[in-house]
Amino acid sequence: MKTKLLFLAILLSTSLFTRQALAQQKTGKGIGIAVITGGNFNKFTGKTYSGEDITGYRFFPGFHVGANIEIPAFSGFYLQSGLQLIKKGAKITDTFFILGKYTATYNLYYAEIPIRLVFKQQVGHGKIVFGAGPDVAFGLGGNWKRDSENSSAYDVKGKIKFRSSYPSSPNPDDIYMKPVELSISVLAGYEFSENFLVRLQGQLGLTNNYVKTNSNDPNNKTKLKNIGFGLSLGYRFGKNKK
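Here is a short report on the structure shown in this document. Predicted model, so just to flag it, every value in this text is computed and none were measured.

Thresholds, definitions, all that
For every chain, the first residue of the written sequence is number 1, and numbering continues from 1 onward in sequence order. Whole-chain, interface and lining totals are the exception, using all residues; otherwise, since this is a predicted model, local features are given only for residues with pLDDT of at least 70 and side-chain atom pairs are given and counted only at 80 or more. The basis for every side-chain value is the complete set of non-hydrogen atoms in the structure, without hydrogens or water. Each helix is a run of DSSP H or I of at least 4 residues and each strand a run of E of at least 2, with the numbering of both proceeding from the N terminus. Burial status follows relative accessibility: with a 1.4 Å probe on protein chains alone, a residue under 20% of its type maximum counts as buried, one over 50% as exposed, and anything between as partly exposed. Each Phe, Tyr or Trp ring (for Trp, its six-membered ring) is paired with any other whose centre lies within 6.5 Å, and the angle between the two planes then decides the class: stacked below 30 degrees, edge-to-face above 60, tilted in between. Either the NZ atom of lysine or the CZ atom of arginine qualifies as a charge over a ring when it sits within 6 Å of the ring centre and within 35 degrees of the ring normal. Within this scheme a cavity is a closed region of a 1 Å grid, computed over the protein atoms alone, that accommodates a 1.4 Å probe without allowing it to escape, whereas a pocket is open but has protein on both sides within 12 Å along at least five of seven lines; lining residues each have an atom within 4 Å of a point. Grid points are joined across faces, edges and corners, and a volume is the space filled by probe spheres set on the points. Residues are grouped as follows: nonpolar covers Ala, Val, Leu, Ile, Met, Phe, Trp, Tyr, Cys and Pro; charged covers Asp, Glu, Lys and Arg; every other residue, Gly included, is treated as polar. We define a polar contact as two N or O atoms separated by no more than 3.5 Å, with the added condition that, inside protein, one atom must be a possible hydrogen donor and the other a possible acceptor, whereas residues neighbouring each other in sequence contribute only through side-chain atom pairs. A carboxyl oxygen of Asp or Glu within 4 Å of a side-chain nitrogen of Lys or Arg is what we treat as a salt bridge. Only residues whose relative accessible area exceeds 30% and that form no salt bridge enter a patch; like-charged residues are grouped when within 9 Å of one another, and nonpolar side chains (Val, Leu, Ile, Met, Phe, Trp, Tyr) when within 5 Å. Every accessible area reported is derived by Shrake-Rupley at a probe size of 1.4 Å, with residue values counting cover from the shown protein chains alone.

**A closer look at unusual backbone geometry**
Excluding glycine, most residues fall at negative phi; most peptide bonds, likewise, are trans. Positioned with a positive phi, N195 is a non-glycine residue whose angle comes to about 80 degrees. Of note, N195 is situated in the loop between β9 (180-191) and β10 (196-205). Taking relative accessible area as the criterion, N195 reaches 9% and is therefore assigned buried.

Below, the structure is given as C-alpha cells:
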C-alpha cells in the first residue's frame, strides 16, 4: 500500500514539476540549477526470515554527487528535481559459529531521482530551507565482503547485483537485490546570498530490497530496507534574490 501511494506521489509530483517547468520556460525566469555533493551514512533495517527485527547493522559512510533544477511553485515554495549518483551501504560486526567474530561491509551504487517540495524563508543575508518528498533510485551495482577473525579461509568477496528475481544459477558469492528502490526524504538547510548552500537530509526506504531465493516460500518474512542521513554542499547558479 505504501509503495502504491509513493508511486502516485511521484507521478503527481512529476506532473506538477513538468507543468511548472513548461510555464516558467515561456518566461525564462525563475528556473535555477544547482550542483550538489556531499557525504551520507546508511545502514540496513528490516526483518529476518522469521519476522524478527534485523539488528547489528551500523551506519556506513557513502557519498552523493549530482545536480537539480528548481522552479517556483507558489509563494515561498519551490519544486526541485534532478539526478544524483549515490553510494549507500551498511556494516555489521557479529559472531557466528565457525566464522567466529566477523565483519561484513556492503557498498551499493544507485542513480537516484529526488523530487522535493521546498519552502524558503529569508533569514539574514540568505534563506533558510525546509523540504520533503519522494525518491526513486535505480540500482547500478555494488560489492560486499566478509572478513573472519578465525581464518582467512572464511573470508568472502562478491558482487551485489540488482534484479527483480533470484537467478536459476546464482553465483554463491553474490548478493541479489531488487533494482528499484522507493524512499521518502526530508531536508533542512541554508542558502547563502553568494549562492552557496548547505543542507542536512534524512532518508527512509519504503520498499523491500530483498530478493527471495524461493518466492513461493510463505514462511520467509525477510525484508531489507535502506535508511540514512547526510550532509550536502552545493552551488546554485543565478542570483539569490532577497
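**A look at the packing of aromatic side chains**
A full pass over the atoms with the stated rule returns 14 aromatic pairs. On the numbers, 5.0 Å between centres and 50 degrees between planes, the contact of F77 with F119 is tilted. Of the two residues, F77 is situated in strand β4 (residues 77-96) and F119 in strand β5 (residues 100-123); the sequence distance between them amounts to 42 residues. On the basis of relative accessible area, F119 is assigned to the partly exposed category, the value being 29%. Members of the aromatic cluster, each reached through a chain of ring pairs, are F44, Y57, Y106 and W144. In this structure, K88 packs its charged tip against the face of Y110, placed 5.0 Å from the ring centre. Its end group placed over the ring of Y78, K120 keeps NZ or CZ at 4.7 Å from the ring centre.

**Re empty space enclosed by the protein**
This structure, assessed with the given rule, holds two cavities of 30 Å³ or more. By volume, the largest cavity is sized at about 290 Å³. Q84, E112, R116, R199 and Q201 are, among the 26 residues lining the largest cavity, the residues nearest its centre. Of all the elements in the fold, those that place two or more residues in the lining of the largest cavity are β1 (32-47), β3 (60-74), β4, β5, β9, β10 and β11 (223-237). Of the residues in the lining of the largest cavity, the class split is eight nonpolar, 14 polar and four charged. There is about 80 Å³ of room inside the second largest cavity. What lines the second largest cavity is simply Q80, V118, V129, L187, G189, Y190, E191, L197, V198, R199 and R236. Secondary structure elements with two or more residues in the lining of the second largest cavity: β9 and β10. For the lining of the second largest cavity, the element with the highest residue contribution is β9, accounting for four residues. Taken together, the residues of the lining of the second largest cavity break down into six nonpolar, two polar and three charged.

**Details of the side chain of N209**
Its place among the elements puts N209 in the loop between β10 and β11. At a separation of 3.1 Å, a polar atom in the side chain of N209 contacts the side chain of E181.

**Concerning the pattern of salt bridges**
Under the counting rule described, the total for this entry stands at nine salt bridges. Its salt-bridge partner being R236, residue E70 comes within 3.9 Å of it at the nearest N-O pair. Of this pair, E70 sits in strand β3 while R236 is found in strand β11, placing the two residues 166 residues apart along the sequence. For E70, a relative accessible area of 5% translates into the label buried. On the basis of relative accessible area, R236 is assigned to the buried category, the value being 8%. Close ionic contact of R236 with E191 constitutes a salt bridge, the shortest N to O distance being 3.6 Å. You can see R236 sitting in strand β11 and its partner E191 sitting in strand β9, a full 45 residues away along the chain.

**Topic: the environment of K225**
If you trace the backbone, K225 turns up in strand β11. A relative accessible area of 16% means that K225 is categorised as buried. For K225 and T207, which are 18 residues apart along the polypeptide, the C-alpha to C-alpha distance reads 6.5 Å.

**Quick notes on the layout of surface pockets**
As a volume, the largest pocket reaches approximately 890 Å³. Surrounding the largest pocket, 29 residues form its lining, Y57, Y106, I175, Y210 and L224 being those nearest its centre. Listed by contribution, the elements that provide at least two residues to the lining of the largest pocket are β1, β4, β5, β6 (126-148) and β8 (175-177).

**Digging into a nonpolar patch on the surface**
A cluster of nonpolar residues, I31, I33, V35, I69 and F237, forms a patch on the protein surface that exposes about 420 Å² of accessible area. On the secondary structure map, V35 appears in strand β1. Overall, V35 belongs to the partly exposed group, its relative accessible area being 41%.

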